[in-house]
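Descriptive analysis of the structure
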Amino acid sequence: MIRAVLTISIPPVAACRYGCAGCCAAPIGVFWLTGIVAILYGLAGGYANLMAPSWDTVSLGIALWIIASVWAAITLRNADDEKCARKKSKLCSPQARSADESDPFEEVRKAR
């Protein structure tokens, strides 16, 4: 249920959290954010600076939002649990640094 709601309302979060293709979250996010901006811009009058909402711009924003949602749904549908368990995205699920890794800035300070 949460997966479907996120896919419709916030597609990049759904693609990042439930899909193993973390690289798809960024372009989905661009379509989604552009759709939100187009909807708000259309309600403010649009490119023609109308006194009423520009329904062409609002419909463009809705179309972009639908494209982002469908893209996220396809990404989630094609996510294979076995493949996703082996490959984790560093962007979507940040890994904690292990204790044996040194701090790169500390090495730079030592070099001086």
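As a convention, each chain's residues are numbered from 1 in the sequence order in which they are written. Reporting in this predicted model follows two pLDDT cut-offs: at least 70 for local features of residues, and 80 or more for side-chain atom pairs to be given and counted; totals over whole chains, interfaces and linings ignore these cut-offs and use all residues. Here the side-chain values reflect all heavy atoms present in the structure, with hydrogen atoms and water set aside.

Quick notes on the overall build of the chain
The helix and strand labels rest on DSSP assignments: H or I over at least four residues marks a helix, E over at least two residues marks a strand, and numbering proceeds from the N terminus. Broken down by element type, the chain carries six helices and zero strands. If you list the helices and strands of the chain from N to C, you get α-α-α-α-α-α. Note on classification: 1.4 Å probe, protein chains only; a residue is buried when its accessible area is under 20% of the maximum for its type, exposed when over 50%, partly exposed between these limits. Of all 112 residues assigned to the chain, the portion counted as buried reaches 28%. Total accessible area computed for the chain in this model is approximately 8,200 Å², and 65% of it derives from carbon and sulfur atoms. Per-residue and other accessible areas were derived by the Shrake-Rupley procedure at a 1.4 Å probe size, with only the shown protein chains allowed to occlude residues.

Here we look at the packing of helix H1 (residues 2-9) against helix H4 (residues 55-77)
For helices, the fitted axis covers only the stretch in contact; all axes are lines through C-alpha atoms, and the angles between them, taken along N-to-C directions, range from 0 to 180 degrees. At a minimum axis separation of 7 Å, H1 and H4 run at an interaxial angle of 145 degrees. Contact residues: H1 offers Arg-3, Thr-7, Ile-8 and Ser-9, while H4 offers Trp-65, Ser-69, Ala-72, Ala-73 and Leu-76. Within the contact of H1 with H4, the residues separate by chemical class into five nonpolar, three polar and one charged. Any two residues whose heavy atoms approach within 4.5 Å are treated as being in contact. The nonpolar class holds Ala, Val, Leu, Ile, Met, Phe, Trp, Tyr, Cys and Pro. Asp, Glu, Lys and Arg form the charged class, and all remaining residues, Gly among them, are polar.

Concerning the side chain of Thr-7
Locating Thr-7 in the fold gives a position in helix H1. N or O atoms within 3.5 Å of each other form a polar contact, as long as, within protein, one can give a hydrogen and the other can take it, and as long as residues adjacent in sequence are counted only when both atoms are side-chain atoms. There is a polar contact of 2.6 Å between the side chain of Thr-7 and the backbone oxygen of Arg-3. Apart from the residues lying within four places of it in its own chain, the contact partners of Thr-7 are Ala-14, Ser-69, Ala-72, Ala-73 and Leu-76.

Remarks on the packing of aromatic side chains
Only the six-membered ring of Trp is used, alongside the rings of Phe and Tyr, when aromatic pairs are assigned; centres must lie within 6.5 Å, and planes under 30 degrees apart are stacked while those over 60 apart are edge-to-face, with the rest tilted. The tally for this structure, following the rule as stated, stands at two aromatic pairs. Relative to Trp-71, the ring of Phe-31 lies with its centre 5.8 Å away and its plane at 80 degrees, an arrangement referred to as edge-to-face. Here Trp-71 lies in helix H4 and Phe-31 lies in helix H3 (residues 25-43), a separation of 40 residues in the sequence. Judged by relative accessible area, Trp-71 falls into the partly exposed class, the value being 29%. With 6.1 Å between their ring centres and 85 degrees between their planes, Trp-32 and Trp-65 make a pair best called edge-to-face. Taken together, the residues span a long stretch of sequence, with Trp-32 in helix H3 and Trp-65 in helix H4 at a distance of 33 residues.

Regarding the nonpolar core
Only buried residues count toward a nonpolar core, which is a set of Ala, Val, Leu, Ile, Met, Phe, Trp, Tyr and Cys residues joined through side-chain atoms within 4.5 Å. Grouped together as the largest cluster of nonpolar side chains are six residues: Ala-15, Cys-24, Ile-28, Trp-32, Ala-68 and Ala-72. Excluding residues that lie within four positions of it along the chain, Trp-32 makes contacts with Ser-9, Ile-10, Pro-11, Pro-12, Trp-65 and Ala-68.

Let's talk about the confidence of the model for the chain
The pLDDT score gives, residue by residue, the confidence of the prediction method on a 0 to 100 scale. Chain-level pLDDT for the chain is 81 on average; 77% of the residues reach the 70-or-more range. For the chain, the element scoring lowest by mean pLDDT is helix H5 (residues 81-86), at 57; H3 scores highest, at 94.

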